[in-house]
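Okay, here's what each chain looks like letter by letter:
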Amino acid sequence: MKRSFGKTLCLTLLFLLLPFFITALLSGKETIQITADFDLETLLPELIYQEMSGEYEEEALKAQAVLIRSRLNVELKEGIGREELEQSAQLDREQREDYLRDWNRYADAAKATEDEVLSYAGKTVEGAFCMVSAGKTRAASENFPDGSYAYLTQQDSEMDLQSPDYLRAYTLSPETVSQKLAAAGVSASGAVAVTGQDSAGYATEVTVGETKIGGESFRRALGLCSACFSVQEENGQLRFICRGVGHGFGMSQYGANVLAEQGKDYREILDYYFPEATVQKRE
């Protein structure tokens, strides 16, 4: 059992540190110093890969690196252990091959922003991001009345309207909607209507029959790409028209890439989407 565990650990470490071996070979270094106490910077390139395409602009990748590092720091302070972080960075064989094609871009983004996090009121905050907004990012003040996430303010992101993923349609039967809700632990059936929206157009409340459901909970239960949607009944079916991809808070990845194409650097991108926060070295 010990031998098996030791072998697995060695393979895991080799798997995680493979990009650094490649770096050493390409740079002509003869030796590599490896310590058992490596930090999250070691894992960051793979985590960036999982969240953003290597085809995105360099400055967009850097902005993404800062946000992921911020999130990881918050999670570590909340008690998320190293094992969980290492597991989240694991890639399957197909992902690994894809990652290695662009690993240098992810590694460069991590290195260029080393130890930098998003900060608000003197504390590291979770770096929220979505794939594509609905044209505006969402204000936390409208969705979290307790004042949490106050650094998340509404920002225009009209460039997202040009994204090929901006608009998607889903057609579901009323029975399927009820079944999906039941699988998520909600018993509801009947007419579906958006009965609450924030100023960015995202559903904050959806009513199904007599049951009220939070907009994000509803969209996740049904597998919709966004809570910014309209619903129509057509020939006994429910047609959901969704705008954007993701929860809509924080930085739009598509919008960040457009700003990078326009010549903005990663700090300017983050300042655009998080005007109340600053970028600084982690504590």
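Right, let's walk through the structure included here.

About the criteria used
Residues numbered from 1 in each chain as written. Predicted model: local features only at pLDDT ≥ 70, side-chain atom pairs only at ≥ 80, totals over all residues. Heavy atoms only, no water. Helix = DSSP H or I, 4+ residues; strand = E, 2+ residues; numbered from the N terminus. Buried < 20%, exposed > 50% of the residue type's maximum accessible area, 1.4 Å probe, protein only. Pairing = 2+ DSSP bridges. Axes fitted to C-alpha atoms, helices over the stretch in contact; angles between N-to-C directions. Contact = heavy atoms within 4.5 Å. Core = buried A, V, L, I, M, F, W, Y, C linked by side-chain atoms within 4.5 Å. Parallel < 35°, antiparallel > 145°, perpendicular 65-115°, else oblique. Left-handed = near helix turned anticlockwise from the far one by under 90°. Salt bridge = Lys/Arg side-chain N within 4 Å of Asp/Glu carboxyl O.

**A look at the environment of Ser-173**
Reasoning step 1: Its place among the elements puts Ser-173 in the loop between strand 4 (167–172) and helix 7 (174–183).
Reasoning step 2: Look at Ser-173 and you get buried, because its relative accessible area is 14%.

**Overview of the sheet that holds strand 5 (residues 192–197)**
Reasoning step 1: Taken in spatial order, the three strands make up an open sheet running 5-6-7, and their pairing is antiparallel. Each edge of the sheet is formed by a strand with only one pairing partner; in this case those strands are strand 5 and strand 7 (211–214). Neighbour-to-neighbour, the strand axes of the sheet open up by a mean angle of 30°, direction not taken into account.

**Some points on the sheet that holds strand 9 (residues 237–243)**
Reasoning step 1: Across the sheet, three strands lie side by side as 4-9-8; this open sheet has antiparallel pairing. Here the strands that pair on one side only, and so sit at the sheet edges, are strand 4 and strand 8 (229–234). Each strand axis lies, on average, 20° off the axis of its neighbour in the sheet, ignoring direction.
Reasoning step 2: Direction of pairing for strand 8 relative to strand 9: antiparallel, over a ladder of six bridges. Across the sheet, residue Glu-234 finds its bridge partner in strand 9, namely Gln-237.
Reasoning step 3: Of the strands in this sheet, strand 4 and strand 9 touch helix 7, which is tilted by about 100° from strand 4.

**Regarding the environment of Ala-169**
Reasoning step 1: Tracing the sequence through the fold places Ala-169 in strand 4.
Reasoning step 2: Look at Ala-169 and you get partly exposed, because its relative accessible area is 43%.
Reasoning step 3: Put simply, Ala-169 and Phe-240 are 71 residues apart on the chain and 5.6 Å apart in space, counted from C-alpha to C-alpha.
Reasoning step 4: Beyond its immediate sequence surroundings of up to four residues, Ala-169 is in contact with Arg-239, Phe-240 and Ile-241.

**Some details on the nonpolar core**
Reasoning step 1: The biggest cluster of nonpolar side chains holds 66 residues, and the ones touching the most others in it are Phe-218, Phe-240, Met-251 and Phe-274.
Reasoning step 2: Ranked by residues supplied to this core, first place goes to helix 3 (residues 58–77) with eight residues.
Reasoning step 3: The residues touching Met-251, leaving out its near neighbours within four places in the chain, are Met-52, Ala-63, Gln-64, Leu-67, Ala-128, Phe-129, Cys-130, Ala-256, Ile-269, Leu-270, Tyr-273 and Phe-274.
Reasoning step 4: Judged by nonpolar contacts, the second largest core, of five residues, contains Ala-200, Tyr-202, Ala-227 and Cys-228.

**Some details on the packing of helix 3 against helix 9 (residues 253–261)**
Reasoning step 1: Packing of helix 3 against helix 9 brings their axes to within 7 Å, and their N-to-C directions diverge by 135°. Relative to helix 9, the element helix 3 lies oblique. Here helix 3 and helix 9 pass one another in a crossing that is right-handed. Across the interface between the two elements, Glu-59, Ala-60 and Gln-64 of helix 3 pack against Gln-253, Ala-256, Asn-257 and Ala-260 of helix 9.

**Side note on the pattern of salt bridges**
Reasoning step 1: Applying the stated criterion across every chain, the model contains 13 salt bridges.
Reasoning step 2: With its nearest N and O atoms 2.8 Å apart, the salt bridge here joins Arg-282 to Asp-115. Here Asp-115 lies in the loop between helix 5 (93–112) and strand 1 (116–120) and Arg-282 lies in the segment after strand 11 (278–281), a separation of 167 residues in the sequence.
Reasoning step 3: Among the ionic pairs, Arg-220 bridges to Glu-216, the shortest N-O distance being 3.8 Å. Taken together, the residues span about one helical turn, with Arg-220 and Glu-216 both in helix 8 (residues 215–222) at a distance of four residues.
Reasoning step 4: One connected set of salt bridges, linked through shared partners, spans Arg-138, Asp-198, Glu-216, Arg-219 and Arg-220.

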